[in-house]
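The primary structure of each chain is shown beneath.
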Amino acid sequence: TAHHPAALASPAAFWNSSSEGGSFAYDLDGVDDYIICTLGTALGSDFSFACWIKFDTTAATTETFVSNDGYTSGGWLLQRRSNDELRYAENGDGATFTDNVWPSSSRNWHHVVSVRSGGVLTEYIDGALLPVSKTGLTGAITSTAFSIGRRQDSSSQYSDCKVDDVRAYNRALTQAEITHLAE
């Protein structure tokens, strides 16, 4: 696994919970904490994004937890919306969305994966395929930078969450790989 540089854009805390096996994660405050990451190469047309996430509050507004150039041309983002939907949004060849229901236990740890393969986007939570997918995606993701914890093209939509084991792949993960990551 390649490691890529990341910078804390605001003093996000490094969280440790001995009650959860001594795990470590970044604790983002939902006000101004976020992390900027740079990939070695653009993700292209087929890619996967995976992370463990635990929201600290019930969503009162839209919270963007990962963004690659936000919603500008060639960008994408993952959000938890105020109506408890998990939204993937992309603006390559025009605005495209997928909205899936977020688990009712959103204040617990969940493994989230978005996979784009052959122009089709699918989403998974805790290894389970979600019912809403999007077809006909043709643009490529050309930027190598992305933000964790906020919408990259905006000074709003910060996430009040803990995030761990963030991964970006320039290929589509298989169901077996997704299941393994969610264990």
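Treat the numbers as computed from the prediction; the structure is a model and nothing was measured. (Residues numbered from 1 in each chain as written. Predicted model: local features only at pLDDT ≥ 70, side-chain atom pairs only at ≥ 80, totals over all residues. Heavy atoms only, no water.)

A few points about the state of the cysteines
By definition, a disulfide links the sulfur atoms of two cysteine residues through a covalent bond. A full pass over the atoms with the stated rule returns zero disulfides. Free of any disulfide, C51 has its nearest neighbouring cysteine sulfur in C161, separated by 8.1 Å. (Disulfide = S-S within 2.5 Å.)

Looking at the pattern of salt bridges
Scanning the entire structure with this criterion turns up four salt bridges. As a salt-bridge pair, D165 and R167 come within 2.9 Å of each other at their nearest N and O atoms. A relative accessible area of 30% places D165 in the partly exposed class. E177 is paired through a salt bridge with R171; the nearest N and O atoms lie 2.9 Å apart. Owing to a relative accessible area of 26%, E177 belongs among the partly exposed residues under this scheme. (Salt bridge = Lys/Arg side-chain N within 4 Å of Asp/Glu carboxyl O. Buried < 20%, exposed > 50% of the residue type's maximum accessible area, 1.4 Å probe, protein only.)

As for the pairing of strand β10 (residues 110-117)
Extensive coverage of β10 is indicated by the burial of seven of its eight residues. Bridging between strand β5 (residues 47-55) and β10 involves seven bridges; their strand directions are antiparallel. The residue of β10 that forms the bridge with F49 is S114. Of the pairings in the sheet, the one linking β10 to strand β11 (residues 120-125) comprises six bridges and is antiparallel in character. Within β11, the residue paired with V113 across the bridge is Y124. (Helix = DSSP H or I, 4+ residues; strand = E, 2+ residues; numbered from the N terminus. Pairing = 2+ DSSP bridges.)

Brief notes about the side chain of S67
Within the element layout of this structure, S67 appears in strand β6 (residues 63-68). Not counting chain neighbours up to four residues away, the residues in contact with S67 comprise W76, L77, F146, S147, R150, R151 and Q152. (Contact = heavy atoms within 4.5 Å.)

Overview of the environment of C51
Along the chain, the position of C51 falls in strand β5. As for C51 and I125, which are separated by 74 residues in sequence, their C-alpha atoms are 10.0 Å apart. Residues in contact with C51, not counting those within four places in the same chain, are F65, H110, H111, V112, V163, D164, D165 and V166.

Side note on unusual backbone geometry
Non-glycine residue D126 carries a positive phi angle of around 55°. Within the element layout of this structure, D126 appears in the loop between β11 and β12 (128-129). With phi around 50°, D165 is a residue other than glycine that occupies positive phi space. Locating D165 in the fold gives a position in strand β14 (residues 160-169).

Considerations on the packing of aromatic side chains
This structure, assessed with the given rule, holds three aromatic pairs. Ring geometry for F49 versus F146: centroids 6.2 Å apart, planes at 85°, classification edge-to-face. On the criterion of sequence distance, the pair formed by F49 in strand β5 and F146 in strand β13 (residues 145-148) is long-range, its members being 97 residues apart. Both residues of the pair, F49 and F146, belong to the buried class. (Phe/Tyr/Trp six-rings, centres within 6.5 Å; stacked < 30°, edge-to-face > 60°.)

With respect to the nonpolar core
Formed by 27 residues in total, the largest nonpolar core has its most connected members in I53, F65, W76 and W102. Contributing elements (two or more residues each) for this core: β4 (35-38), β5, β6, β7 (75-80), β8 (85-91), β11, β13 and β14. Looking at this core, the element that brings in the most residues is β5, giving five residues. (Core = buried A, V, L, I, M, F, W, Y, C linked by side-chain atoms within 4.5 Å.)

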